[in-house]
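Examination of the molecular architecture
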Amino acid sequence: MIAALKGFAERFLGRGDATITVPSFDGALKPNQILEKAETIAQFDAPEDLATDGKVLYLADGATILRLDGAAATEVRRFDRVITALCCLPDGGIAVALDGREVQVFATPSASLVTATVSDPSFNAINALAPGPPGTLVATDGSTARPYPQWAHDLMERGRTGRVLSIDVASGRVRTIASGLHYAFGVCAAGDSLLVSESWRHRIIGIAPDGSQRSVLDNLPVYPSRLSPAASGGFWLTAFAARTQLIEFVLRENAYRRRMMNEIDPAYWIAPKLKSGQSFLEPMQGAHIKTMGVVKPWAPPRSYGLVIRLNAEGMPLYALHSRVDGVNHGVVAAVELDGSLYALAKGPGRLLRTVLTAAEQELRI
Amino acid sequence: MSDIILALRNATKLYAGVPAIENVDFELRRGEIHALVGENGAGKSTLTKVMAGVVSLTSGTMQVNGADVAPRTPLEARYLGIAMVFQENSLVPTMTVAQNLFLGQERFYNRLRGIYIAAQQFLQSLNFDVTPTATVELLGAAKKQMVEIARAVLHEAKVIIFDEPTATLTPEEKKYFFDLVRDLKRRGVSIVFISHALEEALILADRITILRDGKHVVTDDAAKFDRARIVQAMVGRDLSNTLYGTRKTTVRAAGARVLTVQNLKMAPMVRNNSLSVFAGQITGVFGLVGAGRTETFKVVAGVLKRDFFHGGEVILHDQPVRYRVPAPAVRAGIAYVTEDRKVEGFFETMSVARNIYLGLLAKLPGGRFFLSGREADKVGKTWVEKLRVRTTGNAMKVVELSGGNQQKVVIAKSLVQEPDLIIFDEPTRGVDVGAIVEIHELIQRLADEGKAVVVISSYLPEIMALSDRILVSRQGKVVEEFSALEATEEKIMYAAVH
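This one's a predicted model, so the numbers in the text were calculated from it and none came from an experiment.

On a plain count of helices and strands, chain A comes out with 6 helices and 26 strands. For 365 residues, the compact-globule estimate of 2.2 N^0.38 gives 21 Å, and chain A sits close to it at 20 Å. Taken over 365 residues, chain A has a buried fraction of 45%. In chain A, the proportion of contacts linking residues at least 24 apart, taken out of those at least 6 apart, comes to 50%.

What follows is the structure, given as structure tokens:
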């Protein structure tokens, strides 16, 4: 009863859990247009993930793994299902997640035979893979309720069924390291711990070997996604959309959200998107305000592009942006190779390249 | 008849020996709209107050229609045909519009109905849509301003001075106000208006005068100005021989995020304001009057309350906080060093030591039942030495200190609380040059020690000299962030007025 009254009061006053606020992009997250100005290496139909062994860049595009030499893409192998995660292993092998439900490991990217196949029945939305302790992989399973392509459904249902899994490649044994996460989307080893993106809670958590969790980077203004190591220590964190007060508001309006999910085409939901501005049917895109007799466009952003450079402790150092008026949105993966950062903007399907010395010079770092 | 209706020659006004305006020449033509533009403290308000008889010149002359005058009161200025409309309007809120219009012109026998009829006719003649029987406190900002303008016209003012007339108006009301001003111009009234919004000056004014640090910089036709030229004239100081002469070549890296303000609202001053403050850095906050800087940080420190409904969030060390009074904020490690030390900073008749000791007591939950004079002396002595406060002893009263040393006492009162987040609001206002250097060194030292430091200042060179990152505030929210390495005075001012 008291909880119900408290909930009502909070909703009425806009306080506590009903506070609809988002942090600003400032400090290390100060906006720029570096990602928007980045060189477009190539465009793909359904790019999903990037991986590198330190020499070559691999890209998962639909059901194929491509090897990239400059702008030239060579097909390495093809599967019968779409790839939802990709990672290179320290021993020269490569691991892929297929349709979020199966993980396959190959001794080399072009090896004809599969080394190991792990298809645990609990796998549902494997969306990131990373090398773990020798002989193991760590994976994030975004949601046990919704398949990977339905991540927006999971957000709108306020899903909290994300998991971090340890996969023993040889035996195929799967161990749950963490569960009950608000959409786990990205994992990377940090010493003997793991860093994990928890998208719907807008944070990065650290998971110690004993399974204890701590918040490393909290209250981000974006939905974080995959992580990868940076060459000079630290990490690259991608974010596929920015938080807005509008979406935060919708997330607190249960009846409205249920009705929206039942009646509206998911393409036009008030929800984060990987790209936006494609249709006048999209909510709020045509909004404007009139100031001093001048009509000024105004709309909360629905898609955004961001890559954040983190130091070894997980604190942000700087960020590369493609802002609301840009197109390089929906960044889901970034890897560093030969002094350049390669980022995958899933919204427009672009592989982008930014020379890091130039970017850091522009940011005066 | 001369084209010049009002002129000031070599106008100088000193406050306690410090010039607010110095040798300023100003001419207002008949029937022109003249904009006065400048930073905070540039001398705009002082200049207009001289014209309106609110303050008198220390030296120099003022002429109306070619004759030397020296109005000593607003009433004398009104007899000369000069009226001023203040930013905080001067109407009596509990009286009706008509009563306010005729205030000061009452006759021995006032027939209320007669006043209302006269007011109605007069307001109609001006095409002002205001009901004369309405109580002023129930009117919106724009209508209050209309009443002020009507009163000025009723008094047959030939010169009307507006101080930030559009600051509290909505866009629609602004448009209406501009029409009113143009209409007044057609009636032959000369207008002087102060504005921080450069667009307004460029759109509305016939001529623009720019002041900087109390001195006249330039007067020219508005058509010959553009935004860049105005900003350049507003900030174009030569600092090479001052303590602000050197530019920063390095900035401190940000530490952990100490404070996050998210969508904070405190009507009408703070509007959806969001910002972060990091440990080990000095975050400078710049903005012009009405930018909501002080109010934002007063909400953080529990001095002011945010809006009751949907007032936004203040997050300290990743925990949402809401302080209704300053005491819990102090205990949580927030220190706010006020901009108005005489009113909010100290008890002037108490000793230096006791004032500093009060800061310590404020941090203790529930205060302390027994107070120790010995402890007060010890704490006072420690901090007097640390901050090099120049006193004749611990027992010296704060009122007997110089401005700079008073400010050091206020700072010591906060630092004794060992805060993590220290907010300096105009830390060197009214402080001598020697003390400015010492206070700046202290602020730098605090950041070097890993504290999160916020410096709110209206003086651009100070912001640039101190800050590692600079937040620019305008109309109640932070609109731009600069690293100290990329910031220039022009960029900051452009963001503050755009």
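Moving on from the coordinates now.
Here the focus is the environment of Arg67 of chain A. Residue and element names in this part refer to chain A. For Arg67, the location among the structural elements is in strand S4 (residues 64-69). Between the alpha carbons of Arg67 and Ala51 there is a distance of 9.8 Å; along the sequence they are 16 residues apart. Every residue in contact with Arg67, bar those within four places of it in the chain, is listed here: Val56, Tyr58, Thr74, Val76 and Pro109.

So, on to the interface of chain A and chain B. Contact residues are listed per partner, giving 18 residues for chain A and 22 residues for chain B. A per-class count over the side of chain A that touches chain B returns 5 nonpolar, 9 polar and 4 charged.

Every regular strand shows the same layout, with side chains that alternate between the two sheet faces. All names here are of chain B. Bridge analysis of strand S11 (residues 257-266) against strand S14 (residues 313-316) gives 4 bridges, and the strand direction is antiparallel. Directly across from Thr260, in S14, lies its bridge partner Ile315. Alignment of S14 against strand S15 (residues 319-321), held across 3 bridges, turns out to be antiparallel. In the strand pairing of S15, Leu316 is matched with Gln319.

Residue and element names in this part refer to chain A. Pairing in this open sheet of 4 strands is antiparallel, and the strands run S2-S3-S4-S5 from one edge to the other. Only two strands of the sheet have a single partner each, and these edge strands are strand S2 (47-52) and strand S5 (72-78). On average, each strand axis in the sheet is tilted by 30 degrees relative to the strand beside it, whichever way the strands run. Where S2 lies against strand S3 (residues 57-61), 5 bridges are found, and the strand directions are antiparallel. Within the sheet, the bridge partner assigned to Pro47 lies in S3 and is Asp61.

Next up on the list: helix H1 (residues 2-13) of chain A. The end-to-end C-alpha distance of H1 of chain A is 16 Å, a good match for the 16 Å that 12 residues give at a rise of 1.5 Å each. With 0 of 12 residues buried, H1 of chain A is to be regarded as a mostly surface element.

Turning next to the domain arrangement of chain B. Residues and elements named next belong to chain B. Segmentation of chain B into domains returns domain 1 (4-235), domain 2 (239-333 + 419-498) and domain 3 (353-418). Each of domain 1 and domain 2 has a C-alpha centre, and these two points are 33 Å apart. Listed by partner, the interface residues are 12 residues for domain 1 and 11 residues for domain 2. The element contributing the most residues to the side of domain 1 that touches domain 2 is helix H8 (residues 227-235), with 4 residues.

Axis angle and axis distance: for two packed helices, these are the angle between their axes and the distance between the axes, and together they describe the pair. Residues and elements named next belong to chain B. Running from amino to carboxyl end, helix H14 (residues 403-415) crosses helix H15 (residues 433-448) at an angle of 20 degrees, the nearest separation of the two axes being 9 Å. When the axes of H14 and H15 are compared, the pair comes out roughly parallel. Across from Gly404, Asn405, Gln407, Lys408 and Ile411 in H14, the residues of H15 making contact are Gly434, Ala435, Ile439 and Leu442. Residues that form the contact of H14 with H15 fall into these classes: 4 nonpolar, 4 polar and 1 charged.

All names here are of chain B. The 6 strands lie next to each other as S16-S17-S18-S13-S19-S20, forming an open sheet whose pairing is mixed. Each having just a single partner strand, strand S16 (334-337) and strand S20 (477-483) make up the two edges of the open sheet. Going from strand to strand, the sheet's axes swing by 20 degrees on average, the running direction of each strand aside. Bridging between strand S17 (residues 421-425) and strand S18 (residues 452-457) involves 5 bridges; their strand directions are parallel.

What follows covers the nonpolar core. Nonpolar side chains in soluble globular proteins tend to end up buried together. Membership of the largest hydrophobic core comes to 251 residues, with the highest contact counts inside it found for Leu129, Ala139, Val187, Val307 and Ala343 of chain A together with Ile160 of chain B. With 7 residues, strand S19 (residues 235-242) of chain A is the largest single contributor of residues to this core. Once residues within four sequence positions are removed from consideration, Ala139 of chain A is found in contact with Ala97, Val103, Ile126, Ala128, Leu129, Leu165, Ile167 and Val187 of chain A.

Attention shifts here to the confidence of the model for chain B. Averaged over chain B, the pLDDT score is 86; the fraction of residues at 70 or greater is 95%. Reported confidence for the predicted complex is 0.82 by ipTM and 0.77 by pTM.

Moving on, we come to the packing of H8 of chain B against helix H17 (residues 489-497) of chain B. Residue and element names in this part refer to chain B. The geometry of H8 relative to H17 is characterised by a closest axis approach of 9 Å and an angle of 115 degrees between their N-to-C directions. With respect to the hand of their crossing, H8 and H17 are arranged in right-handed fashion. Contacts between H8 and H17 involve Val231, Gln232, Met234 and Val235 from the former and Glu489, Glu490, Met493 and Tyr494 from the latter. Per-class residue counts for the contact of H8 with H17 are 5 nonpolar, 1 polar and 2 charged.

Let us now look at H15 of chain B. All names here are of chain B. Compared with the 22 Å implied by 1.5 Å per residue over 16 residues, the 23 Å span of H15 between its first and last C-alpha is a close match. Every buried residue of H15 is listed here: Ala435, Ile439, Leu442, Ile443 and Ala447. Along the axis of H15, the buried positions cluster into a sector of 135 degrees, meaning they face one direction only. Exposed positions of H15 whose direction lies more than 90 degrees from the buried face are Val433, Gly434, Glu441, Arg445 and Asp448. Its buried side turned inward, H15 meets strand S13 (281-287), H14, S17, S18 and helix H16 (460-466).

The subject of this paragraph is unusual backbone geometry. Residues and elements named next belong to chain B. Positive phi is not limited to glycine here, since Asn65 has a value of about 55 degrees. Considering the arrangement of structural elements, one finds Asn65 in the loop between strand S4 (59-64) and strand S5 (67-69). Asn65 sits in the partly exposed class, given 15 other C-beta atoms within 10 Å. Notably, Asp318 is not glycine yet its phi reads approximately 65 degrees, a positive angle.

A word on the environment of Val478 of chain B. Residue and element names in this part refer to chain B. Mapping Val478 onto the fold places it in strand S20. Overall, Val478 belongs to the buried group, with 23 C-beta atoms counted inside 10 Å. On a C-alpha basis, the gap between Val478 and Ala152 in space is 36 Å, while along the polypeptide they are 326 residues apart. Those residues in contact with Val478, other than ones at most four positions away along the chain, are Asn273, Ser274, Leu275, Leu471, Val472 and Ser473.

Calculation rules
Residues numbered from 1 in each chain as written. Chains lettered and ligands numbered in written order. Predicted model: local features only at pLDDT ≥ 70, side-chain atom pairs only at ≥ 80, totals over all residues. Helix = DSSP H or I, 4+ residues; strand = E, 2+ residues; numbered from the N terminus. Rg over C-alpha atoms; globule rule 2.2 N^0.38 Å. Buried ≥ 20, exposed ≤ 12 C-beta atoms within 10 Å, placed from the backbone. Contact = placed C-beta atoms within 7 Å. Nonpolar A, V, L, I, M, F, W, Y, C, P; charged D, E, K, R; others polar. Pairing = 2+ DSSP bridges. Axes fitted to C-alpha atoms, helices over the stretch in contact; angles between N-to-C directions. Expected span 1.5 Å × (residues − 1). Domains from an automatic or database assignment. Parallel < 35°, antiparallel > 145°, perpendicular 65-115°, else oblique. Core = buried A, V, L, I, M, F, W, Y, C linked by C-beta atoms within 7 Å. pLDDT = per-residue confidence, 0-100. Left-handed = near helix turned anticlockwise from the far one by under 90°. Arc of directions from axis to C-beta.

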